[in-house]
Amino acid sequence: MSKLEGILAYNDKFVRRKEYMPYQTGKYPGDKILVVTCMDTRLLELLPKAMNIQNGDAKVVKTAGALITSPYGSVMRSILVGVSLLAVEEVFVIGHHDCGMIGLESGMVLERIQQMGVNQEALDSVYDQGVEVEKWLCGCGEVEEGVMQSVRMIRNHPLFPSNIPVHGLVIDPNTGKLDEVVRGYE
């Protein structure tokens, strides 16, 4: 059985047994917060527990390294929709120690992508579209630096309301300890 077939078979039972009932909630976050965090698997359950966030309390946007790389990309769009239409009153950018984006250089990604069969012509087409691949596919030097970079991107966006606090935190993926990097109230 393929992964997809296994997921669909499980889902069929899940829906028939109405196992979704405990997870039903409204579309507006109960705590009126939006969290931008990393897609790291260690944070899936740990981060909400460490923040005391229950199902329905927060909007969560995941991206590699919790890094916002474009002021007009999908992450920033999600944040703007959250604060303008979904009752979000505070934003939290949360990076984590031992992140794969720390020290990541675009060459590492491009080399691996080419090993996986993406040819030079495809890569050239990305450059031809005006994408600064080296900047787009890189990480940051330190987790705190990445968090501050993302906080600045949000705060300085021309469409982001200045009265919405944007906080920056770093979580330890082993213990769940949160360290403050940027206090958004100041």
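All figures in this text were calculated on a predicted structure; none of them were measured in a lab.

### Quick look at the overall build of the protein
- Looking only at helices and strands, the protein features seven helices and five strands.
- Each helix (α) and strand (β) of the protein, taken in turn from the N terminus, gives the series α-β-α-β-α-β-α-α-α-α-β-β.
- Taking the principal axes of its C-alpha atoms as reference, the protein extends roughly 55 × 50 × 35 Å.
- Residues counted as buried form 36% of the 186 residues belonging to the protein.
- A sequence separation of at least 24 residues applies to 75% of the contacts in the protein between residues at least 6 apart.
- A total accessible area of about 11,700 Å² is found for the protein, and carbon and sulfur atoms account for 53% of it.

### Regarding unusual backbone geometry
- Here asparagine 52, not a glycine, exhibits a phi torsion of approximately 60°, which is positive.
- With respect to the element layout, asparagine 52 can be found in the loop between α2 (43–51) and β2 (58–62).
- With a phi close to 65°, alanine 87 is a non-glycine residue in the positive phi region.
- With respect to the helices, strands and loops of the structure, alanine 87 is situated in the loop between α3 (74–85) and β3 (90–96).
- Classification of alanine 87 as partly exposed rests on a relative accessible area of 34%.

### Thoughts on the sheet that holds strand β5 (residues 178–182)
- The strand order across the open sheet built from five strands is β2-β1-β3-β4-β5, with neighbouring strands paired in mixed fashion. Across the chains shown, the open sheet's two edge strands, defined by having one partner strand only, are β2 and β5. Along the sheet, successive strands turn relative to each other by an average axial angle of 25°, direction set aside.
- Where strand β1 (residues 33–37) and β3 come together, five bridges link them in parallel fashion. Residue pairing across strands places valine 35 opposite phenylalanine 92, the latter belonging to β3.
- Relative to the sheet, α3 contacts β1, β2 and β3, its axis offset from that of β1 by approximately 170°.
- Of the strands in this sheet, β3, β4 (166–171) and β5 touch helix α7 (residues 143–155), which is tilted by about 160° from β4.

### Things to note about the pairing of β5
- In this structure, β4 lies alongside β5, joined through four bridges in antiparallel fashion. By the bridge assignment for β5, isoleucine 171 is matched with leucine 178.
- Hairpin connection of β4 to β5: six residues between the antiparallel strands, including glycine 176 at a positive phi of 85°.

### Some details on α2
- When α2 is considered as a whole, its buried residues turn out to be Leu43, Leu47 and Met51. Along the long axis of α2, the arc covered by the buried residues comes to 35°, so they all point the same way. Exposed and facing more than 90 degrees away from the buried side of α2 are Glu45 and Lys49.
- Looking at the packing, one finds that the buried side of α2 touches β1, β2, β3, β4 and β5.
- One or two residues past the end of α2 sits asparagine 52, with phi positive at roughly 60°.

Cut-off values and rules
Residues numbered from 1 in each chain as written. Predicted model: local features only at pLDDT ≥ 70, side-chain atom pairs only at ≥ 80, totals over all residues. Heavy atoms only, no water. Helix = DSSP H or I, 4+ residues; strand = E, 2+ residues; numbered from the N terminus. Buried < 20%, exposed > 50% of the residue type's maximum accessible area, 1.4 Å probe, protein only. Contact = heavy atoms within 4.5 Å. Areas by Shrake-Rupley, 256 points an atom, 1.4 Å probe, with all protein chains shown as cover. Pairing = 2+ DSSP bridges. Axes fitted to C-alpha atoms, helices over the stretch in contact; angles between N-to-C directions. Arc of directions from axis to C-beta.

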